[in-house]
Each structure stands twice: as structure tokens, then as C-alpha cells.
Amino acid sequence: MENHPVVNHPPTPLTSATDDQDILDNIDGRMHGPMSGFIKKYFGNFQHVHQDAYLEIQAAGRVSGRGAVPSVAPSPDSFLQWFSNYVSRDLDGARGSWHVSDSDAVPGSESGDNGTRLLLTMPTPTLPASDIQTRWDHVQVIGQFYQRSCVCYQDGLLRLCRSAHQVFASQPTRYFLHGFYIRGSLVEFWVFDRSGLYCSDLFDTHKDSVQFLSIIHSYPRMTDQELGKSKIIGTDKGGNYIIPNSEVTPSLGKLYLESQPVASREALVGTGTTCYRARMPDSTQWSYIVKFKWRWARERSEDELLKLAKKKCVWGAVSLDHYEELESTADLRRSLRWGKHRKFARMHFGKSNGNEGQRQEVSCNTDGLVEYTEETKCFFQNRILACMVTSPVGRPLHTFQSLLELLQVFRDAIKCHRSLCCDASILHQDISPGNMIILDGQGEGNPQGILIDLDSAIELDEGVETEAGITGTRPFMAIGVLKSERHMYRHDLESFLYVFLWTIITNHAENPQETSKLRQWSSGNWDELAVRKSVDMDQDGFQTIMGEFPPEFHYIKPLAERLRQLIFPQRAGAIWTGTEETPEAVDRLYDGMIRTFEEAIASEA
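Residues numbered from 1 in each chain as written. Predicted model: local features only at pLDDT ≥ 70, side-chain atom pairs only at ≥ 80, totals over all residues. Heavy atoms only, no water.

1. Re the overall build of the protein
When you go through the protein residue by residue, the secondary structure sums to 17 helices and 30 strands. In the protein, which comprises 605 residues, the proportion classed as buried is 51%. For the protein, long-range pairs separated by at least 24 residues make up 69% of all intrachain contacts whose partners lie at least 6 apart in sequence. Counting every atom, the protein has about 27,800 Å² of accessible surface; 47% of that belongs to carbon and sulfur. (Helix = DSSP H or I, 4+ residues; strand = E, 2+ residues; numbered from the N terminus. Buried < 20%, exposed > 50% of the residue type's maximum accessible area, 1.4 Å probe, protein only. Contact = heavy atoms within 4.5 Å. Areas by Shrake-Rupley, 256 points an atom, 1.4 Å probe, with all protein chains shown as cover.)

What follows is the structure in C-alpha cells.
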């Protein structure tokens, strides 16, 4: 039996800008609990026999492990030493090791108690148990411990969610993740998935120490499936790979994936969209994009829109090579009964020392999730994990190699948008740098750049009946969209202008400098953003924006100004952000933007 001792090394941090407010916004209103049947569902496969000073763990009728039971139950003051000493002796049948470390301090936090992080990692052929550095891509269970039960409940739970965020960011195809949250002697067990997070009943580690030990014993003896790991991606000497369902696409066999994704959404709850470049086993060329996404079950799947685009012969449309649905959160949560989502209650926020938003002093108590949250009107939303393979593979927009190439890419992406909209009645609704790619080796008449990602797209014949909503990527949203107007073709063309300005000003970087006015397009509520963009798109404000153009791009300011005039014509002495819907007006705006780029291309060439 291998020895997996406790080691006290924090995991390698991710280079993520996600802060606690982002995490709170992501999880708040997506919590459930306590869930009846939680312990039975996740730990019912294990039987625990407590005899004398030992605890025997049985699974499937066989003994899977045996460990010592300390003679004294832990107090909050002695818990960490008790946990470490006990786990360090827990060698029989365990697959991994527990790592204990102080939690990272949150910038701006005045609390001296950041808690302690407890992480279960499991060794792999590429990361042996002797490796002293814990890595998030090998963490299988997360825990958060606070010595004092009177720690702010929300702060502690957010710290646990931060660990969950790190795990899912490093393991994007994971189905779900186990966790536990301890305040003093009070513990809740949690499960995280792409639909939200939910917990067990609250119980006391001091009074119910054997039950707590039984569960902690169970984690390292769980199968990969019980831990929430997926088997979607395999590994061999050639690297990571997937094997698409041959019944769906017989012609497509094993595909090797690039080691790191080319795009990913790191939010814990949501689509978890992750894209990898892929190649055939006998090729060195990355010819495909493999995309994993947990789509909302009520949304129209992206493959249907891509099939429609192909049927309507859309110019520059992405080719759909494979699509299959692999799992759903409803299936993962089967046997549990669901009520309404919960969100953190306002009653636990107040004013202190005249500063609004600071938390009131928290008193010690024996309450869990229910005490600190309130019901919402929203119910569980099922999400379905889909795997999609598309081609061709392109380069990110910020890697343009010349201004001529960039101008051609924008011209062709607008032509692609026009064909989607006018030929197939598909409105993209999320024009952003991440959804435009550069294609290499294209012949005359073929697109140099195309639009990708129809995650947010709608079929216009259907969309007429849908409610107005705010869809898109925040810095590039049109003013009308920010005002909750019905999304229309002109709003997407307005977004093209914002992406063009962003690409020129950032000049091969992905984000603008800290002092750039473009930074202000990402902060504030929708109304504030609408006002800010209206000011920036007025003539004086636009001159300030163009003042950020790098010197080598000063000569294309007339092009940017011409695009602004097309998108925002002057009416009654102010820019007009409305949309003309007649066929003649639609053609006039598309023709004007495409012609403007073509004239600039001819001049540059």
C-alpha cells in the first residue's frame, strides 16, 4: 500500500482575475439546501462498522478500508491537529492524500481569520504522490475550516466556492465536485455542479464525530464517477484525446486535443464553455475545434442553428463535424427533490461606521444555509453537457499580422453576419473579439475571417415572440441592448464598431491598459454603461477614444469616424441609436460598412 501523507503546501494559484464579488454574483440565487437524502445519495454505497478503536469501511459487500478512530472527539481548537494526525494514519484503502493549508487572503478583507483549506488530491502517472506541490487539476474534494463558529457565513462559503471555481477552471469537463464547510464544530457537506450548489443537513463534528469520520473516510475510496470526474477525455502516450460516438459520426475517429484550451469560461455556475484545438492521430495539423458546453436545457442547441446555416448556404459558416449530448445536471441530481433556489438574505447586511454595505457583527450560533438565505422565485435549471466538433480552425483576432489582414477580417466577418441574418434568419447577438477568428491559407473569394460561436444566437422567426433581454459580451454590447431593447441586426453592427476600436487600441493585446477609457465599458450597471457609451460615441467623446490609437494606426482614424457616422447618424442634434427595419435600410447599412472596409483595404493594399 502506498503512503499518502498529509502535506502542507498550498496549490498552485491560477492566474484568474475572478474576485469574491464575481463569485457571489455567479452563485447567489443558485443555492439549494439542506437536501433530504443528500447523505444517502452520495455516501449510501459505503457501510461503516465501528468496532473498538477502528472504523471499517465496506463498499459493494467488500472491505475497502480500515482506519483508527481517535478516542477523543475534536474541539474547534484541536480540530486541525486531530484531522491531520488522523488522516496521516488513514492509509488503508485510500486513493489520495489530504493537504492542509491556510486560505489565501482576499484583497481588501479586514478579517484576520481567512480559514484553512482542506484539499483531497489523487496522484496520477504524471503527478506521483511524492510531488510536494498540490495542483488544482488533481484536487478531488475541497474543504473550508474556520475555528470560530461566528465567522461570517457568507464569507466562509464564498471561500469554499473560490476553491470550487479553481477546480472547475482546471478541470473544465468535470461533472460535479464534493466539498464541506466547517465553522467551529458545525459542518455542511456540499456538491457543486454547473447548475448551482446544494448541501446536506447541518451537524456537529464533536457530537457526531464518527459520522463525520465515516464521510471523510469515504471520499478517498470513491470511484472517479462518485467523485464527479468525467471520462470524456482520455490520455495515452499521444496526449489527451476524445473518441466521438461512432454511431453519430462514423467518419470521425480519435481526436487528440491540445494540452490547453484556446478559450474557456471560468464561471463556476453556467455553461462552462471550453474549446480545444484538435487533430487526427496521423496528423500534426490542428484541423478541428472541440467544444464542451453545459447548455440550458430550454435553449435551442447550437448544432441546430449550424445545420440551418449549412442548409441555407450561409457564406463563411462554420462546418459542424460532430455533435452529441453526454450528461445533464438533472440526471446527476436524480433522486433528490428540488424546491426554489436560495439567495443570501439582505437582513445580514447593514451599515457600520457609516459605510454602507459593510456586514454587521456576526454572533455565534448553530445555524446553517437556511438562516442566512431566503427563497427566490426561481427553480432548478437543468443543463445538458454537449460536445461539438467544428472546423475550420483559426487564429484569435488579436494575432493579426498586418492592418491589411485585420481590415479583410472585419469586412468578411460582417459579410458572414449579413448572410447569417439575411439568408438564414439567424441573429448572432454576441459580436466580440473572442467570436471572430482569422483564417489562414484562404484562396481568392474565400473569407479571411469568420464568426464563430452561436451560443447566444436566435432564429429571427422565433425571436420575434421572445422577451427583450440583455445578451452579449459586456464591453461590446450595443447601447440599445443595454437599454433592454429587442436585439436587432443594427445592434450587432454597432458591436462590430466596438470590437474594431478595441482591437486597434489594444494593439495585439487582449485587454486595454489600466488608463484606457475602454476599461469603463466593463464596469457599472446596464444603465450606466448605456450612458457612458452614448457619451463616448458622440463626436467629442469619440475623438477622445481615437486619441488612444497607437501612432502606427493614426492614419485610419477617418475609417473609424466613417463607421461611427454610419452606425450613429445625427438626428435632432444628437446621435441616433435606433434601428430602421425596412429591407432598403438593412441593405444600406450593411453595404455602407462593407464598402468602407473595402475602400480602406484598397488604400492599404
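2. Some words on the packing of aromatic side chains
Inspection of the entire model under this criterion finds 35 aromatic pairs. Judged by centre distance (5.1 Å) and plane angle (55°), the rings of Phe38 and Tyr42 are tilted. One end of the pair is Phe38 and the other is Tyr42, both in helix α2 (residues 38-43) and four residues apart, which spans about a single turn. Using a relative accessible area of 1% as the deciding quantity, one classes Phe38 as buried. Among the residues examined, Tyr42 registers a relative accessible area of 9% and is labelled buried. Counting every residue linked through ring pairs, the aromatic cluster contains Phe43, Phe79, Trp82, Phe83, Trp98, Phe145, Phe180, Phe189, Phe203, Phe212 and Tyr219. Directly above the ring of Trp521 sits Lys533, whose terminal nitrogen or CZ lies 5.3 Å from the centroid. (Phe/Tyr/Trp six-rings, centres within 6.5 Å; stacked < 30°, edge-to-face > 60°. Lys NZ or Arg CZ within 6 Å of the ring centre and 35° of its normal.)

3. Some words on the sheet that holds strand β24 (residues 395-396)
Pairing is antiparallel in the open sheet, where three strands are placed in the order β24-β26-β27. This sheet does not close on itself; its edge strands, each paired only once, are β24 and β27 (449-451). Sheet analysis places strand β26 (residues 436-438) next to β27, joined by three bridges and oriented antiparallel. Residue pairing in the sheet places Ile438 in a bridge with Gly449 of β27. (Pairing = 2+ DSSP bridges.)

4. A word on the environment of Phe38
For the pair Phe38 and Ser200, spaced 162 residues apart in sequence, the C-alpha to C-alpha distance is 5.5 Å. Once you skip the residues sitting within four places of it in the chain, Phe38 turns out to touch Phe43, Phe189, Trp190, Val191, Tyr198, Cys199, Ser200 and Leu336.

5. So, the packing of helix α1 (residues 20-27) against helix α4 (residues 153-170)
Look at α1 against α4: their axes get within 10 Å of each other, and the N-to-C directions meet at 90°. Considering their axes alone, α1 and α4 lie roughly perpendicular with respect to each other. Packed against α1, whose contacting residues are Asp20, Ile23, Leu24 and Ile27, the element α4 presents Gln154, Leu158, Cys161 and Arg162 at the interface. The residue makeup of the contact of α1 with α4, split by class, is five nonpolar, one polar and two charged. (Axes fitted to C-alpha atoms, helices over the stretch in contact; angles between N-to-C directions. Parallel < 35°, antiparallel > 145°, perpendicular 65-115°, else oblique. Nonpolar A, V, L, I, M, F, W, Y, C, P; charged D, E, K, R; others polar.)

6. Points about the nonpolar core
Membership of the largest hydrophobic core comes to 58 residues, with the highest contact counts inside it found for Phe496 and Phe500. Every element with two or more residues in this core is listed here: α10 (403-424), β26, α12 (479-482), α13 (489-506), α14 (526-537), α15 (539-546), α16 (557-567) and α17 (583-604). In terms of residue count, α13 provides more of this core than any other element does, 11 residues in total. When sequence neighbours within four positions are dropped, the list of residues in contact with Phe496 reads Phe410, Ala413, Ile414, His417, Ile431, Met436, Leu451 and Met593. In this structure, Phe43, Ile57, Phe79 and Ala278 belong to the second largest nonpolar core, which totals 51 residues. (Core = buried A, V, L, I, M, F, W, Y, C linked by side-chain atoms within 4.5 Å.)

7. Considerations on the pattern of salt bridges
All chains considered together, the criterion is met by 31 salt bridges. Close ionic contact of Arg277 with Glu258 constitutes a salt bridge, the shortest N to O distance being 2.8 Å. Highlighted residues: Arg277 in strand β16 (residues 274-279) and Glu258 in the loop between β14 (255-257) and β15 (263-264), separated in sequence by 19 residues. Residue classification places Arg277 among the partly exposed residues on the basis of a relative accessible area of 25%. Residues Arg300 and Glu459 are paired through a salt bridge, measuring 2.3 Å at the closest nitrogen-oxygen approach. (Salt bridge = Lys/Arg side-chain N within 4 Å of Asp/Glu carboxyl O.)

8. Focus on α15
All of the buried residues along α15 are Gly541, Phe542, Ile545 and Met546. For α15, the angular spread of the buried residues around the axis is 140°, confining them to a single face. The inward-facing, buried residues of α15 abut α13, α14 and α16. (Arc of directions from axis to C-beta.)

9. Comments concerning α14
Its 12 residues give α14 an end-to-end C-alpha distance of 16 Å, which sits within 8% of 16 Å, the value for a rise of 1.5 Å per residue. If you check which residues of α14 are buried, you get Leu529, Ala530, Lys533, Asp536 and Met537. Mapping the buried residues of α14 onto a view down its axis gives an arc of 130°, with all of them on the same face. Opposite the buried face of α14, at more than 90 degrees from it, the exposed residues are Asp527, Val531 and Val535. Among the structural elements, α12, α13, α15, α16 and β30 (574-575) are those in contact with the buried residues of α14. Capping of α14 at its N-terminal end is provided by Asn525; its side-chain oxygen lies 3.2 Å from the backbone amide nitrogen of Asp527. (Expected span 1.5 Å × (residues − 1). Polar contact = N/O pair within 3.5 Å; in protein donor to acceptor, adjacent residues only side chain to side chain.)

10. Some words on the confidence of the model for the protein
A residue-level look at the protein finds 85% of positions with pLDDT of 70 or above and a mean pLDDT of 86. For residues 348-363, every residue scores under 50 in pLDDT, and the model assigns this stretch 25 contacts once sequence neighbours within four places are set aside. Low confidence marks residues 463-467, where pLDDT is under 50. Its contacts with residues over four positions away, or in another chain, come to one contact. (pLDDT = per-residue confidence, 0-100.)

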